[in-house]
Amino acid sequence: MSKLKYRGLIGLEIHVQLAATTKMFCRCALEFAAQPNSRVCPVCLAMPGVLPVMNKKAVEYSILTGLALNCQIAEFTKWDRKSYYYPDLPKNYQISQYDLPLASNGYIEIEAQPGRFKRIGILRAHLEEDAGKNTHTADNSQVDLNRAGTPLLEIVTEPEMSNGAEVRALAVELQRIVRYLGVSEADMQKGHMRFEPNINVIIDQDGKEYRTPIAEIKNLNSFRALERSVDYEIRRQFEQFKKSRLVMEMGNKSTRGWDDANQVTVLQREKEEAHDYRYFPDPDLLPVKVTPEWLAEIRGRLCELPLALQRRYVNQYGLSDYDAGVLTVERGVAELFEAAVQQGADPKRLCNLITQAGMKLANEAQISFADFNIDAGDLARLAAMIDEGAINASAADKILAKMIQTGEKPEKIAEDENLIQKSDESELEAIVDQAIAENPEAVEQIKTGGKKSKKARGFLMGQVMQKTRGQANPKVVSAIFAAKLG
Ligand code: ZN
Ligand code: MN
């Protein structure tokens, strides 16, 4: 048998929980981990005779996301009932959008590999309500309806990704976008983003193409599980094809789950036929008409999107793609960075300060660096102090920590903490001379050259730093050493 080539073909469905304060069709508060069944009312409990009222904010958030995903926004859209027969949605149907989704035919740009970008089509994005939660124990089953009626934006991509890394990149990019727009907290721990990849494999044998049956992996809620399950499934389908030669046909799509403990996908349902959800228009809800004025108003809320920002930082400020990516993970951090650059900070210097010391402090505090509320002007001056040689990089890190703690100005902290760098040549020369006199062995090693000379230089530099309590300007000291020892 000749050698087989294969590649994955993956489309993704994502449910994004919108950051509305109330539910989609009633006024119940959206609250994570509240007392079970404490955020419910006759509407989301599906009492007879109640009427749903649409949450306008959720519609606007969906339109805004659709615009960011380069979609066409429907001028006219309606609500449909999708049959659903489980206790966690007691109406026995889910309100969703069937044939007229709010947004369609768009695309999202992703960083498929570091520095390599790819466009993935967006088939549609529609708004719907979430179900509640069923909990089953050995003795009984319980239903919590706090989540029932939560607004969800379901986004469906074209099957245009080829591996787990691309699928993950799309998920991460989407998270960045919805957070920038403020339409979702996109907190994975709280289940704000849930993924369902559809996967099959294209196999090439002597120029003839075969496609394996599609498998859909249900309900993934971490980037890691998403990436790993996709890569596992591609490999599994390829191996399966070699044994069975089974190809895609009507009705042989299957549903699988991800077993995280064993890092494998497991079959849930085979031969899944097209569901008969018996969609029909919801007679209790008015259709949504998106007027040009309303659309223009929402379009006005769009901001520069993260990937565009990332590219601009590379082109305009000469940052590496990686650094630009780190700076643009959160809108608040990017805005602070940009504001400090406006106030004169050197972009690269500032980037180092934020992405290294700054983000380390933020991680320790378990908040975003932007949430320290540092004044952009203070940050710009701190960066400038390093560039002017007034302080060294490690002093800057200490000053930054203190700025966050006390809100004091960087200059004042540098003075108070004795962190101003010594750059006075004659003063430093005397200290260098002292270090040379005290360490003839190291001096000898430098003069002979060879392996040990580099280490000896470092040692002498360390001696000077010790004598000046870390305040010597290393550039000046190196120059003096170079003049004296070659
Ligand atoms: Zn309610
Ligand atoms: Mn859905």
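The rules behind these values
- Residues numbered from 1 in each chain as written.
- Chains lettered and ligands numbered in written order.
- Predicted model: local features only at pLDDT ≥ 70, side-chain atom pairs only at ≥ 80, totals over all residues.
- Heavy atoms only, no water.
- Donors = N, O, S within 2.8 Å, 3.2 Å for Na, K, Ca; no water.
- Tetrahedral: all angles 85-135°; square planar, octahedral: opposite > 155°, others 65-115°.
- Helix = DSSP H or I, 4+ residues; strand = E, 2+ residues; numbered from the N terminus.
- Buried < 20%, exposed > 50% of the residue type's maximum accessible area, 1.4 Å probe, protein only.
- Expected span 1.5 Å × (residues − 1).
- Arc of directions from axis to C-beta.
- Contact = heavy atoms within 4.5 Å.
- Polar contact = N/O pair within 3.5 Å; in protein donor to acceptor, adjacent residues only side chain to side chain.

K.L.:
What is the right way to read the coordination of the zinc ion (ligand 1) from this model?
P.N.:
Surrounding the zinc ion (ligand 1) are the protein donor atoms Cys26 (SG), Cys28 (SG), Cys41 (SG) and Cys44 (SG), which sit 2.3 to 2.4 Å from the metal. Note that the zinc ion (ligand 1) binds four donor atoms; their angles at the metal cover 99 to 116°, and the shape is tetrahedral. Donor residues binding the zinc ion (ligand 1) come from one chain and are separated in sequence as C-x1-C-x12-C-x2-C. Of this pair, Cys26 sits in the loop between strand E1 (5-17) and helix H1 (56-68) while Cys44 sits in the loop between E1 and H1, placing them 18 residues apart in sequence. Residue Cys26 is classed as buried on the basis of its relative accessible area of 8%. Given the relative accessible area of 10%, Cys44 is considered buried.

K.L.:
Even after reading the chapter, I still don't get helix H15 (residues 474-485), so can you show me in this structure?
P.N.:
Turn by turn, an α-helix covers 3.6 residues, leaving residues three or four places apart pointing in a common direction. In this model H15 runs 16 Å from its N-terminal to its C-terminal C-alpha over twelve residues, within 8% of the 16 Å that 1.5 Å per residue would give. Listed as buried for H15 are Val476, Val477, Ile480, Phe481 and Leu485. End-on, the buried residues of H15 take up no more than an arc of 140°, which puts them together on one face. Away from its buried face by more than 90 degrees, H15 exposes Lys475 and Ala483. On its buried side, H15 packs onto helix H12 (425-438), helix H13 (440-448) and helix H14 (451-467). A distance of 3.0 Å separates the backbone nitrogen of Lys475 from a side-chain oxygen at the start of H15, and that oxygen is part of Asn473. Looking one or two residues past H15, Gly486 carries a phi angle of roughly 80°, positive in sign.

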